[in-house]
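# Survey of secondary and tertiary structure
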Amino acid sequence: MSAMFKKTVLLLALAGVSLTTLAAELRVMTHSSFSLPKERIAEFEKQSGAKLAIIKGGDAGEMLNKLILTRANPVADVVYGIDNTLIGKANAAGVLEATSSKVGRNVAAASLPGAVAIDYGYVTLNIDKAWFAGSKLPLPATLDDLTKPAYKDLLVVENPATSSPGLAFLLATIAGKGEEGAFQWWGKLRDNGLKVTKGWSEAYYTDFTRNGGARPIVVSYATSPAAEVFYSKEKLAESPTANLLLKGGVFMQVEGVARVKGGLQPQLAQQFVDFLRGEAVQKDLQTSMWMYPAVAGVALAPVFKHAAQPASFSNPDLKAMQHKTAAWVSRWTRLVIKNAP
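This text gives an overview of the structure that appears in the document. (Residues numbered from 1 in each chain as written. Predicted model: local features only at pLDDT ≥ 70, side-chain atom pairs only at ≥ 80, totals over all residues. Heavy atoms only, no water.)

### Focus on the packing of aromatic side chains
Per the counting criterion, the structure on display carries 22 aromatic pairs. For the pair Phe44 and Phe272, a centre-to-centre distance of 5.2 Å together with 80 degrees between the ring planes defines the contact as edge-to-face. Here Phe44, found in helix α2 (residues 38–48), pairs with Phe272, found in helix α10 (residues 266–276); they are 228 residues apart in sequence, far enough to count as distant. Phe272 carries the same exposure label as Phe44, and that label is buried. Grouped by ring-pair contacts, the aromatic residues Tyr120, Tyr122, Phe230, Tyr231, Trp290, Tyr292, Phe304 and Phe313 constitute a single cluster. (Phe/Tyr/Trp six-rings, centres within 6.5 Å; stacked < 30°, edge-to-face > 60°. Helix = DSSP H or I, 4+ residues; strand = E, 2+ residues; numbered from the N terminus. Buried < 20%, exposed > 50% of the residue type's maximum accessible area, 1.4 Å probe, protein only.)

### Re the pattern of salt bridges
Taken as a whole and judged by the stated rule, the model has 14 salt bridges. Here Asp77 makes a salt bridge to Arg27, at a shortest N to O gap of 2.9 Å. Residue Asp77 is found in the loop between α3 (60–69) and β3 (78–83), and its partner Arg27 is found in strand β1 (residues 24–30); the two are separated by 50 residues along the sequence. Neither Asp77 nor Arg27 differs from the other in exposure class; each is buried. For Lys51, the salt bridge goes to Glu45, with nearest N and O atoms at 3.9 Å. (Salt bridge = Lys/Arg side-chain N within 4 Å of Asp/Glu carboxyl O.)

### Details of the nonpolar core
Ranked by size, the top nonpolar core spans 38 residues in total, and within it Val79, Ile82 and Tyr120 carry the most contacts. Going through the elements one at a time, α3, β3, α4 (87–93), β4 (116–128), α9 (224–231) and β9 (251–259) are the ones with two or more residues in this core. Ranked by residues supplied to this core, first place goes to α3 with five residues. Beyond its immediate chain neighbours, meaning those up to four positions away, Ile82 contacts Met63, Leu64, Ile87, Ala90, Leu112, Val254, Glu255 and Gly256. In terms of nonpolar packing, the next biggest core, distinct from the first, is built from 37 residues, Val123, Ala242, Leu244 and Phe251 among them. (Core = buried A, V, L, I, M, F, W, Y, C linked by side-chain atoms within 4.5 Å. Contact = heavy atoms within 4.5 Å.)

### Overview of the side chain of Glu158
Tracing the chain through its elements places Glu158 in strand β5 (residues 155–158). With no salt bridge to any partner, buried Glu158 finds its closest opposite charge in Lys195, at an N-O distance of 12 Å. Ignoring any residue separated from it by four or fewer positions in sequence, one finds Glu158 in contact with Ser163, Pro165, Gly166, Val196, Thr197, Gly199, Trp200, Ala203, Val218 and Val219. (Lys, Arg positive; Asp, Glu negative; His and termini not counted.)

### Overview of helix α12 (residues 318–338)
If you check α12, its first and last C-alpha atoms are 28 Å apart, about what 21 residues at 1.5 Å a residue would give, namely 30 Å. The largest bend in α12 amounts to roughly 60 degrees and is located at Lys324. Within α12, burial applies to Ala320, Met321, Thr325, Trp328, Val329, Trp332, Leu335 and Val336. Next to the buried residues of α12 lie α6 (164–177), α7 (179–191), β6 (195–197) and β9. The opening residue of α12, the one whose side-chain oxygen lies 3.1 Å from the backbone nitrogen of Lys319, is Asp317. (Expected span 1.5 Å × (residues − 1). Bend = angle between axes of the 7 residues up to and from the residue. Polar contact = N/O pair within 3.5 Å; in protein donor to acceptor, adjacent residues only side chain to side chain.)

Take it as geometry only, folks, not as evidence of what the structure does.
Written out as structure tokens, the structure is:
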């Protein structure tokens, strides 16, 4: 026994602390939307004997940038919330340890190279049913319909430079229409009264007519109609909103978890990865983070009958998203924001 170790044991004894009572700490970096019931967090801490330190890193892009800036001295051991728009950048930056899990198998298309899929969802257009019923205006059948005079001033989207759903929707239009066709469409949309907000909360809770705004079409999620029913103060038989699943207007987002390269607790980090793949978490995340479970065979929450999954979606390939997204966002900003009327 070294003199230094003897000294440490003596100091702990004098303080009334035994070595067995010193719980390890697992630092978990997440995006700001991470939410699990407290009992799930307590369950992991009991199983692992470790204390979870949840570090909210802002939106997913901001979170990844923090990991990149601190890679010489990592501030987390494991990260949740890296998605398919960011996994290429994360792998290229070398901030993740290649991570896998033997718990469960993925649903189709829910995979992330170098990380473990935990949940997935769809960014799409939502409409206010009551507004359209009252206006007698037919629902748009294509993205091009949204550029017609009848739909002027009806759409609100989030800025892809500052919003994850905004970015996902931009990527869907590029995959669906091709790069040049998409930007031509965005120019027409801008001239037809498009409104752009910084983030989802502003678009959905301020500008969407369902919440007192003036825009009956909003970029949101395929699960948003289910959330409307779930959180309603009155019992609803159907949702007051619906998904508008237009070709080129649906993006499949896959979120995952991975060990951080250089993290202090690699074994605990792997235990947390496997924990997130467990059935209890996979069920709870549906109505806490409003995403679909990535593990096949997990039953959907009953309220998800109001969140039917799209039959198809439009995603650029992972390499294109890694290498071209920054240029696409810059081009969109010049076209839609700087050239706005």
